[in-house]
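Next come the chains, spelled out residue by residue.
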Amino acid sequence: MRKLMAMLTALLLAVCAVIVPAGAEGETPSLAQAQPLMDLTVAAALAADVMPESITADGQLSENFVYQFFLLGQGGPLGITAEHLSDPALQREFLTRAFVCRLPEQLDGILGLGLAADYTGLRVSAADFDPEGTHVRLVGDVYRAPAVLTALTEEQAAKLDWLDHRAVMELEASADAPGGWKVVSCSFDDELNVEALTESYFNQVMLEYMGGDLGFSIQYPAVFTEDVLEEENGGLKAQLPDGSASFFVRRTENAQHLTLEQLLEGDRADARFVSAETDPVTGCGKTVLTAEDGSTVVNLYLVSDAYIYQAQLTYRPEKAGEFSLYADYMMNSFSADEFGIG
């Protein structure tokens, strides 16, 4: 049987349309215009302290956050220059337009160290707008890469570093804000107050397949909608209409009494082999291979004396940015009843 935990309602920034509130004379800016401010806010919040800094509407930005915000933002798409670093008045003017919360009482000049740093950004996966379209709550994953997600080459995208953080951010439309959106709040999923939103995020991005009598379950990308799913004896399979990605999950008898390590070694011997790892908690093994056409093939294995549970996700290079993250979610969720995990 197939159990759909949620329908895909996520709004991806790549396809965010301009929203026109009902009865409004003007247009609310496209959410994509807020991407540079969201990225820089997340980057500064992570760099400000050992624990990510939270921003609340009635709170106050820390001096460390301000320091990192301008240091990391210099020369970027928000127009932050060396003059902002040296002039506290320019800093205050910019921050007042960018954030709802209070600013530090004292702002100082910032010494630009000129250190090279990878780009830290937010890949938004779900967005919830108010009826007027002027306030939005977002949730997404934080990544680190050589450049912004949309500017990565296929080779760079395959090596994205997805950080162990999920961010929840609130924005409000503001005519004088950078990109037309002002940051109201920003929190991360290692805080209790965003637990519900994080759960909602997963329900929108990933769906769950319950193997029923087959005794296993796994979450798979919600881009594989109901019309492309096909149940087969032993599992489930799907392929996107354009052929750019596919997956299957199935249970087969372990007739040869293979071990997980033997399956991993078999993949390691393949000329297309890239990497292998095993989750020490769930015992799930994962291998990554590169097909002749450049597609990435991710294999997941759970092995018992009686059965081999296998999931496979295949995607073309242009899909690497999002599907490499989906592969991690699939691995974390893959479970079989006989192991008592899940």
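Everything quoted here is computed from the prediction, not taken from an experiment. (Residues numbered from 1 in each chain as written. Predicted model: local features only at pLDDT ≥ 70, side-chain atom pairs only at ≥ 80, totals over all residues. Heavy atoms only, no water.)

1. Description of the side chain of Asp141
Thought 1: Here Asp141 lies in strand S2 (residues 135–145).
Thought 2: A polar contact of 2.6 Å, which involves the side chain of Asp141, links it to the side chain of Tyr329. (Helix = DSSP H or I, 4+ residues; strand = E, 2+ residues; numbered from the N terminus. Polar contact = N/O pair within 3.5 Å; in protein donor to acceptor, adjacent residues only side chain to side chain.)

2. So, the sheet that holds strand S5 (residues 206–210)
Thought 1: Across the sheet, 3 strands lie side by side as S5-S6-S14; this open sheet has antiparallel pairing. The open sheet is flanked by S5 and strand S14 (335–336), the only strands paired with a single partner.
Thought 2: Both strand S6 (residues 216–221) and S14 contribute to a ladder of 2 bridges, which runs antiparallel. Its bridge partner lying in S14, Phe216 is registered against Ala336.
Thought 3: Contacts from helix H8 (residues 320–333) reach S5, S6 and S14, with the element oriented near 165° to S6. (Pairing = 2+ DSSP bridges. Contact = heavy atoms within 4.5 Å. Axes fitted to C-alpha atoms, helices over the stretch in contact; angles between N-to-C directions.)

3. Brief notes about the pattern of salt bridges
Thought 1: In total, this model carries 9 salt bridges according to the counting rule given.
Thought 2: The salt bridge involving Arg268 is made with Glu261; its shortest N-O contact spans 2.9 Å.
Thought 3: You can call Glu261 partly exposed: its relative accessible area is 42%.
Thought 4: Between Lys286 and Asp328 there is a salt bridge; the shortest N-O distance is 3.1 Å. Taken together, the residues Lys286 in strand S11 (residues 285–290) and Asp328 in helix H8 connect sequence positions 42 residues apart. (Salt bridge = Lys/Arg side-chain N within 4 Å of Asp/Glu carboxyl O. Buried < 20%, exposed > 50% of the residue type's maximum accessible area, 1.4 Å probe, protein only.)

4. Section: the nonpolar core
Across soluble globular proteins, nonpolar side chains have a tendency to be buried as a group.
Thought 1: Of all hydrophobic cores here, the largest spans 43 residues; its most connected members are Phe224, Phe247, Val249, Leu300, Leu313 and Phe334.
Thought 2: Sorting the residues of this core by element identifies S2, S5, S6, strand S8 (235–239), strand S9 (245–253), strand S12 (296–303), strand S13 (307–315) and H8 as the ones contributing at least two each.
Thought 3: Residue contributions to this core peak at 8 residues, all from H8.
Thought 4: Non-local contacts of Leu300, meaning those with residues more than four positions away in its chain, are made with Ile218, Cys284, Gly285, Lys286, Tyr309, Gln310, Ala311, Met330, Met331 and Phe334.
Thought 5: One finds Leu37, Phe65, Phe94 and Leu107 within the second-largest nonpolar core, a separate group that totals 41 residues. (Core = buried A, V, L, I, M, F, W, Y, C linked by side-chain atoms within 4.5 Å.)

5. Overview of the packing of helix H2 (residues 63–73) against helix H4 (residues 88–98)
Thought 1: With their axes 12 Å apart at the nearest point, H2 and H4 run at an angle of 95° to one another. Overall, the two elements H2 and H4 adopt an arrangement that is roughly perpendicular. When H2 is examined against H4, the residues Val66, Phe69 and Phe70 are found in contact with a partner set consisting of Gln91, Phe94 and Leu95. (Parallel < 35°, antiparallel > 145°, perpendicular 65-115°, else oblique.)

6. Considerations on the pairing of S13
Thought 1: Across the 9 residues of S13, 8 count as buried, placing the element largely inside the fold.
Thought 2: By the bridge criterion, 9 bridges tie S9 to S13 in an arrangement that is antiparallel. Across the sheet, residue Ala245 finds its bridge partner in S13, namely Tyr315.
Thought 3: Bridge analysis of S12 against S13 gives 8 bridges, and the strand direction is antiparallel. Residue pairing for S13: Thr296 is matched across the bridge by Tyr315.
Thought 4: Counted between consecutive antiparallel strands, the loop separating S12 from S13 contains 3 residues.

7. Structural notes on the packing of aromatic side chains
Thought 1: Counted under the stated rule, the structure contains 18 aromatic pairs.
Thought 2: Both rings, one in Phe216 and one in Phe334, keep their centres 6.4 Å apart while their planes meet at 85°; by these two values the pair is edge-to-face. Linking Phe216 in strand S6 with Phe334 in the loop between H8 and S14, this pair joins segments that are 118 residues apart in sequence. We note that Phe216, like Phe334, is buried.
Thought 3: With 6.3 Å between their ring centres and 80° between their planes, Phe224 and Phe323 make a pair best called edge-to-face. Pair noted here: Phe224 is in the loop between S6 and strand S7 (229–232) and Phe323 is in helix H8, with a separation of 99 residues, a long-range link. Comparing Phe224 with Phe323 shows no difference in burial state: the two are buried. (Phe/Tyr/Trp six-rings, centres within 6.5 Å; stacked < 30°, edge-to-face > 60°.)

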